[in-house]
Amino acid sequence: MSGYAIAPGAIADLDEIWLYIAQKTNPEVAERVLDSIVHAFPLLAANPKMGAIAPTLVKLCVAFLLPTTEFTTGKIAAAGFAFCM
């Protein structure tokens, strides 16, 4: 099992994401979205080369899809994420 740490800047970003979604929808939806994001961390830590290189975004950027829950319906869907260095 791979360990990981969440940078303070990333925590601040997650807080902003939560606040934005809570304001646009409601706090319960914001919690579900954040849970989906945070639950992906162990998978990403264990599989650091997961995803596809996305050189058109920026240098050293990887994009990938993960299953997540849709905001309004609660159905499982694919969500795109990108990690850039």
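Relevant structure appears above.
Being a predicted model, the structure only gives us computed values, none of them experimental.

Analysis parameters
Residues numbered from 1 in each chain as written. Predicted model: local features only at pLDDT ≥ 70, side-chain atom pairs only at ≥ 80, totals over all residues. Heavy atoms only, no water. Helix = DSSP H or I, 4+ residues; strand = E, 2+ residues; numbered from the N terminus. Areas by Shrake-Rupley, 256 points an atom, 1.4 Å probe, with all protein chains shown as cover. Expected span 1.5 Å × (residues − 1). Buried < 20%, exposed > 50% of the residue type's maximum accessible area, 1.4 Å probe, protein only. Arc of directions from axis to C-beta. Polar contact = N/O pair within 3.5 Å; in protein donor to acceptor, adjacent residues only side chain to side chain. Patch = residues over 30% accessible without salt bridge, like charges linked within 9 Å, V, L, I, M, F, W, Y side chains within 5 Å. Salt bridge = Lys/Arg side-chain N within 4 Å of Asp/Glu carboxyl O.

A. Seen up close, the overall build of the chain. Secondary structure summary: the chain contains three helices and three strands in total. Reading the chain from its N end, one meets helices and strands in the order α-α-α-β-β-β. Accessible area of the chain: about 6,200 Å², with a carbon and sulfur share of 66%.

B. The arrangement of helix H2 (residues 27-39) in detail. With 13 residues, H2 should reach 18 Å at 1.5 Å per residue; the first-to-last C-alpha distance of 18 Å fits that figure. Buried residues of H2: Val29, Ala30, Val33, Leu34, Ser36 and Ile37, and no others. Taken end-on, H2 shows its buried residues confined to a sector of 155°, consistent with a single buried face. Structural note: H2 exposes Glu28 and His39 on the side pointing more than 90 degrees away from its buried face. Capping of H2 at its N-terminal end is provided by asparagine 26; its side-chain oxygen lies 3.0 Å from the backbone amide nitrogen of glutamate 28.

C. Layout of a nonpolar patch on the surface. A surface patch of nonpolar side chains, about 260 Å² in accessible area, is lined by Tyr4, Ile6 and Ile11. Positionally, isoleucine 11 belongs in helix H1 (residues 8-24).

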